[in-house]
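If you want the building blocks of each chain, they are given just below.
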Amino acid sequence: MKPAPFEYIAPESLEQAVEVLVQYGDESKILAGGQSLMPLLNMRLITPSVVMDINGLDELSYIRQEGEHLHIGALTRQYRLERDARIRQTVPVLAAATRLIGHPPIRYAGTIGGSLAHADPAAELPAVMCALEVELCVVGPSGARRIQAVDFFRGALDVDIRPDELLTEVRIPIRQNVMWGVQEYTRRAGDFALAGAIVLAEMEADRWTNGRVVLFGVEDRPLRVPRAEAVLTQQVLSDSQASAVAAAAVAELDCHADLHASAGYRQQLARVMVKRAYLDAVAMWNEKREDTAGSA
Amino acid sequence: MQPQRRTIVTTAVNGTPVEALVDVRTTLADFLREEAGCTSVHLGCEHGVCGACTVLIDGLPVRSCLRLAAQATGHEITTLEGVMQTECGKTIGRAFVEQFAMQCGFCTAGFVLSLYHLLEGASEPITDRDIHETLGGHICRCTGYVSIVEAAKRLRDQRTCRGNS
Ligand SMILES: Cc1cc2nc3c(=O)[nH]c(=O)nc-3n(C[C@H](O)[C@H](O)[C@H](O)COP(=O)(O)OP(=O)(O)OC[C@H]3O[C@@H](n4cnc5c(N)ncnc54)[C@H](O)[C@@H]3O)c2cc1C
Ligand code: FES
Ligand code: FES
């Protein structure tokens, strides 16, 4: 038994959960998959007086398509994101990025909402949310609020959720003809990334439009890089663009240094990850073109 | 609905009902060792990294150090003790011995449970990547891993598990 003493409560509905939060607010901690919270409790890095277990809220576990959006409930387990047929079809980058999280036993327990609410600077899912321009829904005593992903992540382990609110859902816009790549560098398989990148763009007549470049693990939150997106967008697609996009992505980067990597090394890794992710997206497009040519 | 300091856990461990009154901060790992007598559950790191405490909850491998005993009510738990009663579990045990895939044995229960889940649960052919991904969630200080990977590949090729088909 490692955590400091706390009291435990397991509400059976969202309404009850909000009531508990209203009553205990800052003193309480929400327990979802426990893959970030339990280590913090075990190491006594946090000592909440109440732990509220939301695993009984089945109403927060779903993946469904509504029009041009995919709605995912906050309690949906990460392994379902990897395998769900609709996700693989409509937003495959989410499935691929999720598979980079920890190990299978972590993903069987961990939830999408937990990863987003925890907001580790090196986590994959917050970066995917920024790349896909997702809207997050939180619910509190005064009702629901919707927040754009880029505004939701405010810093390391800091998000726009008040102490009496829960994250309930993410809404992902589904776009057509999206080419993408996600790459990260870890010291061992399953570790948090030292640096990672997502490159994503829609393809129209051999030109990238609506390009997005997001870095993770390099600053205190996922970082969209408009400068690199500008280089990416409206270019004729080609391998030779890769270095230019990558250079633009890290030009103004202010990486943090820690035990595992100096700022300079991290910046270099970030540059290489952008380049690889870009090349993956190009390869995806080439493959698709060959497929269409072959079947024509 | 009131927050509690102690709670009654009602669960099934390897098919046997277990009920106990515990402090709510008790982890599932400690509950399994102390209340259910499953000492195959080993605690290495207690923050999810080493894999030694892995058990199956409703058939899925998860870290028992990162779960509260209170969360086990209404769920079925399988530990190494349970898996070793099955044909698949025994086959894995034999392969580990034959391939020298264990030395001190501290990590072994975790490896066997994750492997059991992979071999029994796969709906598609198991690739080398699947094997590496599965074993990658476990740390072994003794073997150097190669022998464990070999045992896993041999088990895949033997096809004794996979619902014994
Ligand atoms: C060995 C190991 C390796 C890992 N590797 C990675 C990795 O490579 N990449 C990565 O991204 N993550 C990694 N993780 C963390 C993992 O992804 C966690 O699952 C995730 O960060 C938290 O999700 P959870 O559901 O487990 O949440 P919990 O741990 O239960 O909660 C995390 C935090 O979010 C809050 N919270 C949870 N749900 C809600 C909600 N609905 N509304 C408001 N607040 C909420 C909690 O109060 C807590 O503060 C790893 C974890 C381990 C143990
Ligand atoms: S003791 Fe649970 S993963 Fe190490
Ligand atoms: S056999 Fe000793 S740790 Fe794996």
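*Asks:* Report on the overall build of chain B, specifying residues and quantitative values.
*Replies:* When you go through chain B residue by residue, the secondary structure sums to 6 helices and 5 strands. Overall, chain B shows an N-to-C arrangement of helices and strands of β-β-α-β-β-β-α-α-α-α-α. For chain B, the C-alpha radius of gyration of 16 Å lies close to 15 Å, the compact-globule estimate for 165 residues. Its C-alpha atoms give chain B principal-axis dimensions of about 50 × 35 × 25 Å.

*Asks:* Quick one: what's the story with the overall build of chain A, residue by residue and with numbers?
*Replies:* Tallying secondary structure elements over chain A gives 12 helices and 14 strands in all. Across its three principal axes, chain A shows a C-alpha extent of roughly 60 × 45 × 35 Å. Out of the 296 residues in chain A, the part that is buried amounts to 54%. Residue pairs in contact within chain A that sit at least 24 positions apart in sequence constitute 63% of those at least 6 positions apart. Put simply, chain A shows about 12,400 Å² of open surface, and 48% of that area lies on carbon and sulfur atoms. Each charge class in chain A was averaged separately, 30 positive and 39 negative side chains, and the resulting centres sit 5 Å apart.

*Asks:* Got a sec to walk through a nonpolar patch on the surface? Specific residues and values, please.
*Replies:* Among the surface-exposed residues, Val 49, Ile 139 and Tyr 145 of chain B lie close enough to one another that they form a single nonpolar patch of about 220 Å² accessible area. The exposure class of Ile 139 of chain B is partly exposed, given its relative accessible area of 34%.

*Asks:* Can you break down the sheet that holds strand β13 (residues 207–216) of chain A residue by residue, with the values?
*Replies:* Residues and elements named next belong to chain A. Pairing is antiparallel in the open sheet, where 4 strands are placed in the order β11-β12-β13-β14. At either margin of the open sheet sits one strand with a lone partner, and together these are β11 (178–185) and β14 (223–224). Here β11 runs beside strand β12 (residues 195–204); their pairing, made up of 8 bridges, is antiparallel. Each bridged residue has a counterpart across the sheet, and for Met 179 the counterpart in β12 is Ala 201. Helix-sheet contacts for helix α8 (residues 124–131) involve β11, β12, β13 and β14, and the interaxial angle to β13 is about 155°.

*Asks:* An account of the nonpolar core is requested, with residue identities and associated values reported.
*Replies:* Residues and elements named next belong to chain A. Among the nonpolar cores identified, the biggest contains 41 residues, and Leu 94 and Met 129 are the most heavily contacted of them. Among the elements that line this core, the one with the most residues is α8, at 6 residues. Not counting residues within four places of it along the chain, the set of residues in contact with Leu 94 comprises Ile 72, Leu 81, Ile 87, Leu 125, Val 128, Met 129 and Ile 172.

*Asks:* If you had to explain the interface of chain B and chain A to someone new, which residues and values would you point to?
*Replies:* Reports often express the size of an interface as the amount of accessible area lost when the parts come together. Contacts between the two partners involve 32 residues from chain B, matched on the other side by 35 residues from chain A. Of the roughly 2,900 Å² buried between chain B and chain A on both sides combined, carbon and sulfur atoms contribute 60%. Among the ionic pairs, Arg 107 of chain A bridges to Glu 133 of chain B, the shortest N-O distance being 2.9 Å. The interface formed by chain B and chain A contains 8 residue pairs in polar contact (both at pLDDT 80 or more). Elements with a contribution of two residues or more to the side of chain B that touches chain A: β4 (60–63), α4 (108–121) and α5 (128–135) of chain B. Of the residues assigned to the side of chain B that touches chain A, the class counts are 10 nonpolar, 12 polar and 10 charged.

*Asks:* So, the sheet that holds strand β1 (residues 7–9) of chain A: which residues are in play, and what are the values?
*Replies:* Sheet strands line up and pair through hydrogen bonds in the backbone, either parallel or antiparallel. All names here are of chain A. Taken in spatial order, the 3 strands of this open sheet run β1-β3-β2, and their pairing is parallel. Taken across any chain shown, the strands that pair with only one partner, and hence form the sheet edges, are β1 and β2 (28–31). The average angle at which neighbouring strand axes cross in this sheet is 25°, direction not considered. Where β2 and strand β3 (residues 50–53) come together, 4 bridges link them in parallel fashion. The partner of Lys 29 across the bridge, within β3, is Val 51. Each of β1, β2 and β3 touches helix α1 (residues 14–24); the most contacted strand, β3, lies at about 165° to it.

*Asks:* Tell me about the environment of Trp 285 of chain A, and name the residues and values.
*Replies:* Residue and element names in this part refer to chain A. You can see Trp 285 is positioned in helix α12 (residues 263–295). Sequence-wise, Trp 285 and Met 203 are 82 residues apart; in three dimensions their C-alpha atoms are separated by 8.1 Å. With sequence-adjacent residues up to four places away left out, Trp 285 is seen in contact with Asn 177, Met 179, Met 203, Asp 206 and Leu 237.

*Asks:* Please give an account of the environment of Ser 147 of chain B that cites residues and values.
*Replies:* Residue and element names in this part refer to chain B. By secondary structure assignment, the location of Ser 147 is in helix α6 (residues 146–158). For the pair Ser 147 and Ala 101, spaced 46 residues apart in sequence, the C-alpha separation works out to 4.9 Å. Look past the residues within four positions of Ser 147 in its chain and what remains in contact with it is Gln 99, Phe 100 and Ala 101.

*Asks:* Got a sec to walk through the state of the cysteines? Specific residues and values, please.
*Replies:* Covalent bonding between the sulfur atoms of two cysteines is what defines a disulfide. Under the definition given, this model contains 1 disulfide over all chains. Disulfide pairing places Cys 88 of chain B opposite Cys 161 of chain B at an S-S distance of 2.1 Å. Residues Cys 88 of chain B and Cys 161 of chain B are joined through a disulfide that is right-handed, its torsion about the S-S bond being 95°. With Cys 88 of chain B in helix α3 (residues 87–98) and Cys 161 of chain B in the segment after α6, this residue pair connects regions lying 73 residues apart in the sequence. With respect to class, Cys 88 of chain B is no different from Cys 161 of chain B; both count as buried. With no disulfide partner, Cys 255 of chain A has as its closest neighbouring cysteine sulfur the one in Cys 130 of chain A, 17 Å distant.

*Asks:* Now, about helix α11 (residues 241–250) of chain A: what can you tell me, with residues and values included?
*Replies:* Across the 10 residues that make up α11 of chain A, a large majority, 7, are buried. If you check which residues of α11 of chain A are buried, you get Gln 241, Ala 242, Val 245, Ala 246, Ala 248, Ala 249 and Val 250 of chain A.

*Asks:* Report on the confidence of the model for chain B, specifying residues and quantitative values.
*Replies:* Considering every residue of chain B, the mean pLDDT works out to 95; 98% of them sit at 70 or more. Taken over the whole predicted complex, pTM reads 0.97, whereas the ipTM for its chain interfaces reads 0.97.

Thresholds applied
Residues numbered from 1 in each chain as written. Chains lettered and ligands numbered in written order. Predicted model: local features only at pLDDT ≥ 70, side-chain atom pairs only at ≥ 80, totals over all residues. Heavy atoms only, no water. Helix = DSSP H or I, 4+ residues; strand = E, 2+ residues; numbered from the N terminus. Rg over C-alpha atoms; globule rule 2.2 N^0.38 Å. Buried < 20%, exposed > 50% of the residue type's maximum accessible area, 1.4 Å probe, protein only. Contact = heavy atoms within 4.5 Å. Areas by Shrake-Rupley, 256 points an atom, 1.4 Å probe, with all protein chains shown as cover. Lys, Arg positive; Asp, Glu negative; His and termini not counted. Charge placed at Lys NZ, Arg CZ, Asp CG, Glu CD. Patch = residues over 30% accessible without salt bridge, like charges linked within 9 Å, V, L, I, M, F, W, Y side chains within 5 Å. Salt bridge = Lys/Arg side-chain N within 4 Å of Asp/Glu carboxyl O. Pairing = 2+ DSSP bridges. Axes fitted to C-alpha atoms, helices over the stretch in contact; angles between N-to-C directions. Core = buried A, V, L, I, M, F, W, Y, C linked by side-chain atoms within 4.5 Å. Buried area = accessible area lost by both parts, 1.4 Å probe. Polar contact = N/O pair within 3.5 Å; in protein donor to acceptor, adjacent residues only side chain to side chain. Nonpolar A, V, L, I, M, F, W, Y, C, P; charged D, E, K, R; others polar. Disulfide = S-S within 2.5 Å. pLDDT = per-residue confidence, 0-100.

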